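# Descriptive structure summary
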Amino acid sequence: DTRGGFYRPRVSHYLTGTLGDDGLPLAWQQRIVCQSFLAGTSLEATGIKDGIDDGAVEGARTLAYAVPNLQVEWHMAPTGVPTLWWRSVGHSHTAFACESFLDELAHAAGKDPFEYRRGLLAKHPRHLKVLELVAEKAGWGKPLPEGRGRGIAVHESFGSFMAHVIEASVAKDGSVKVHRVVAAADCGPAINPDSIKAQIEGAVVFGLSAALYGEITFKKGRVQQSNFDDYPLLRIDEMPVVESYIVPSTEKMGGMGEPGVPPIAPALCNAIFSATGKRIRSLPIRTEELRA
């Protein structure tokens, strides 16, 4: 299966931002470069509109933060690799880019990453609720054990709103340890809370596996990975404590199979920056980039 399936599209994001004298963003430009697995298929008519593949820009074109000048572009880059949907589709990479970049803007402005987001989401109450709940439950701002960092991310996808706070540390050899994941979800009315929490926990495993290990490489047209020895998943001894909280809501119901994934990678990388001062801008995370 590893060598005979379809793969997640490779994506590059190029972001530029401008801050005002108050540290708030005045402009945000985002160029997204990737292939489209819809082009040339029967789904092209519904998935590509006005020349834009929505799966490439979803989560970026609807940026919730109060930025008066927003420009999001998509540039198609065809490859010979067969690709299809990956859990959370375009939101997986747009959330990583947007939430990582927003964190960079916060630090450039000398602001707390949580408070910075909070101020920019004043007109988006559902984003705000999950953000504030996850920060409260995670004890945002409270001291951490030496060597640990705390990172935060929030994102909307498939009609649901998710926020994560991750606590992580980095060893001298560059290996990353995730100690705790706190999650808050607003998916509308919660019919089965246990199922929602199970989806969140599964998304943590999936998202951390991808951020830490998930890489497919090719040599002479052949996939080099073949099994779990060279394409590892998160092991049971690496599993962090996961705390899941659900916002009581009577809003329109959204999904929960995919929304738990997008904030994982940026929250983790923001935690690594908090712990080490080193910014991760590509995935999977390279231990050699983090070695002391």
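You'll find the structure just up there.
In what follows, the accompanying structure is described. Position numbers for residues count from 1 along each chain, tracking the sequence in the order it is written. It should be noted that, the model being predicted, local features are given only for residues of pLDDT at least 70 and side-chain atom pairs only at 80 or more, the latter also being counted only at that level, while totals for whole chains, interfaces and linings use all residues. Computation of side-chain values: all heavy atoms of the structure, hydrogens and water removed.

### Here we look at helix 5 (residues 125–138)
Under the DSSP-based scheme used, a helix requires at least four consecutive residues in state H or I and a strand at least two consecutive residues in state E, with every element numbered from the N terminus. Given a helix with a known number of residues, its expected span is that number minus one, times 1.5 Å. Here helix 5 contains 14 residues, and its C-alpha end-to-end distance of 20 Å stays within 8% of the 20 Å for a straight helix at 1.5 Å per residue. Against helix 4 (113–120), strand 6 (148–157), strand 7 (160–170), strand 8 (176–186) and strand 11 (241–246) lie the buried residues of helix 5. Two residues qualify as a contact provided that any one of their heavy atoms is within 4.5 Å of a heavy atom in the partner residue.

### Brief notes about the pattern of salt bridges
Take a side-chain nitrogen of Lys or Arg and a carboxyl oxygen of Asp or Glu: if they are within 4 Å of each other, that pair is a salt bridge. Throughout the structure, instances matching the rule amount to 15 salt bridges. Its salt-bridge partner being Arg61, residue Asp54 comes within 2.6 Å of it at the nearest N-O pair. With its nearest N and O atoms 2.8 Å apart, the salt bridge here joins Arg180 to Glu243. You can see Arg180 sitting in strand 8 and its partner Glu243 sitting in strand 11, a full 63 residues away along the chain. Connected via shared salt-bridge partners are Glu99, Asp103, Glu104, Arg117, Arg279 and Arg281.

### Some remarks on a nonpolar patch on the surface
Within this analysis, patches are made of residues with over 30% relative accessible area and no salt bridge. Like charges are joined at 9 Å or less; nonpolar side chains (Val, Leu, Ile, Met, Phe, Trp, Tyr) at 5 Å or less. Using a 1.4 Å probe, accessible areas were evaluated by the Shrake-Rupley method; residue-level cover was limited to the displayed protein chains. A surface patch of nonpolar side chains, about 410 Å² in accessible area, is lined by Phe6, Leu43, Leu84 and Trp85. Residue position: Phe6 is located in the segment before strand 1 (11–19). On the accessibility criterion, Phe6 (54% relative accessible area) is exposed. Classification of residues uses two cut-offs on accessible area relative to the type maximum, computed with a 1.4 Å probe and protein chains only: under 20% is buried, over 50% is exposed, and between them is partly exposed.

### With respect to the sheet that holds strand 8
Strand pairing is defined by DSSP finding a minimum of two bridges between the two strands. Taken together, four strands build an open sheet; the order of strands is 6-7-8-11 and the sheet is mixed. Strands at the two margins of the open sheet, each flanked by one partner only, are strand 6 and strand 11. Sheet twist, expressed as the average angle between the axes of neighbouring strands with direction ignored, equals 15 degrees. Strand direction decides the pairing type here: strand 6 and strand 7, joined by ten bridges, are antiparallel. Counted as the bridge partner of Arg150 is Glu167 from strand 7. Docked against the sheet, helix 5 engages strand 6, strand 7, strand 8 and strand 11, running at close to 135 degrees with respect to strand 8. Each axis is a line fitted through C-alpha atoms, taken for helices only over the stretch in contact, and angles between the N-to-C directions span 0 to 180 degrees.

### Notes on the sheet that holds strand 2 (residues 25–34)
With respect to topology, three strands assemble into an open sheet ordered 1-2-5, the strand pairing being mixed. In this open sheet, the two edge strands, each paired with only one partner strand, are strand 1 and strand 5 (69–76). Across the sheet, the mean angle separating the axes of adjacent strands is 10 degrees when strand polarity is ignored. Taken together, the nine bridges between strand 1 and strand 2 define a ladder with antiparallel strand orientation. Pairing of Leu19 across the sheet is with Pro25, part of strand 2.

### Remarks on the packing of aromatic side chains
Ring geometry is summarised as follows: Phe, Tyr and Trp rings, the Trp one being its six-membered ring, pair when their centres sit within 6.5 Å, and such pairs are stacked at plane angles under 30 degrees, edge-to-face over 60 and tilted between the two. Here the structure, examined in full by the defined rule, presents five aromatic pairs. Taking the centre distance of 6.0 Å and the plane angle of 80 degrees together, the rings of Tyr7 and Phe218 count as edge-to-face. In this pair, Tyr7 is assigned in the segment before strand 1 and Phe218 in strand 9 (residues 218–219), connecting sequence segments 211 residues apart. Measuring from ring centre to ring centre gives 6.4 Å for Phe114 and Trp140, while their planes differ by 55 degrees; the resulting arrangement is tilted. Placement of Phe114 in helix 4 and of Trp140 in the loop between helix 5 and strand 6 is noted, with a sequence separation of 26 residues between them. When sorted by exposure, Phe114 lands in the same class as Trp140, which is buried. Sitting over the ring of Trp86, Arg8 keeps its end group 3.9 Å from the ring centre. By definition, being over a ring means that NZ of Lys or CZ of Arg is both within 6 Å of the ring centre and within 35 degrees of the ring normal.

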